[in-house]
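Chain by chain, the residues run as shown.
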Amino acid sequence: EQYFAMVEDLRIEIDDVEMAVIGDEAVVSYTRSDEFVDRQTGRPADVTVRLTKTLVRHDGEWRLVAGD
């Protein structure tokens, strides 16, 4: 919430996706690159992070159980 309050003109790109599924569990890892204009400085800024999400299938639906 704080992150979105500090940015404008946000653009998000997702790439380099890796996925492993074993039965009813899945792990997805990807690179997210955000480009935005910092509201305080008015300058463009870039942030790139590698994220990993763990999901489980319950009653036929995939649900997020952990992530960074």
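Keep in mind the model is a prediction, meaning the values are calculated, not measured.

A look at the pairing of strand E2 (residues 25-38)
A regular strand places its side chains so that they alternate between the two faces of the sheet.
Next up, step 1: Inspection of the sheet shows E2 paired to strand E3 (residues 44-58) by 13 bridges, in the antiparallel sense. Counterpart to Val 27 in the pairing with E3 is Thr 54.
Next up, step 2: Linkage of E2 to E3, two consecutive antiparallel strands, is achieved through a turn of five residues, within which Gly 42 is found at a positive phi near 75°.

Description of the pairing of E3
Next up, step 1: Bridge count for E3 against strand E4 (residues 61-67) is six bridges, and the pairing is antiparallel. Paired with His 58 across the strands is Glu 61, a residue of E4.
Next up, step 2: Taking the residues that link successive antiparallel strands as the turn, the E3-E4 hairpin has two residues, and the phi of Asp 59 there is positive, at about 55°.

Examining the pattern of salt bridges
Where charged atoms from two side chains of opposite charge approach closely, those side chains can pair.
Next up, step 1: According to the stated counting rule, one finds four salt bridges in the structure shown.
Next up, step 2: Here Asp 16 makes a salt bridge to Arg 50, at a shortest N to O gap of 3.0 Å. Residue Asp 16 is found in strand E1 (residues 7-22), and its partner Arg 50 is found in strand E3; the two are separated by 34 residues along the sequence.
Next up, step 3: On the accessibility criterion, Asp 16 (46% relative accessible area) is partly exposed.
Next up, step 4: Judged by relative accessible area, Arg 50 falls into the partly exposed class, the value being 33%.
Next up, step 5: Between Arg 32 and Asp 34 there is a salt bridge whose closest N-O contact spans 2.8 Å.
Next up, step 6: What makes Arg 32 partly exposed here is its relative accessible area of 21%.
Next up, step 7: Note on Asp 34: relative accessible area 6%, which makes it buried.

Conventions used here
Residues numbered from 1 in each chain as written. Predicted model: local features only at pLDDT ≥ 70, side-chain atom pairs only at ≥ 80, totals over all residues. Heavy atoms only, no water. Pairing = 2+ DSSP bridges. Helix = DSSP H or I, 4+ residues; strand = E, 2+ residues; numbered from the N terminus. Salt bridge = Lys/Arg side-chain N within 4 Å of Asp/Glu carboxyl O. Buried < 20%, exposed > 50% of the residue type's maximum accessible area, 1.4 Å probe, protein only.

None of the figures reported here should be taken as evidence of function without further support.
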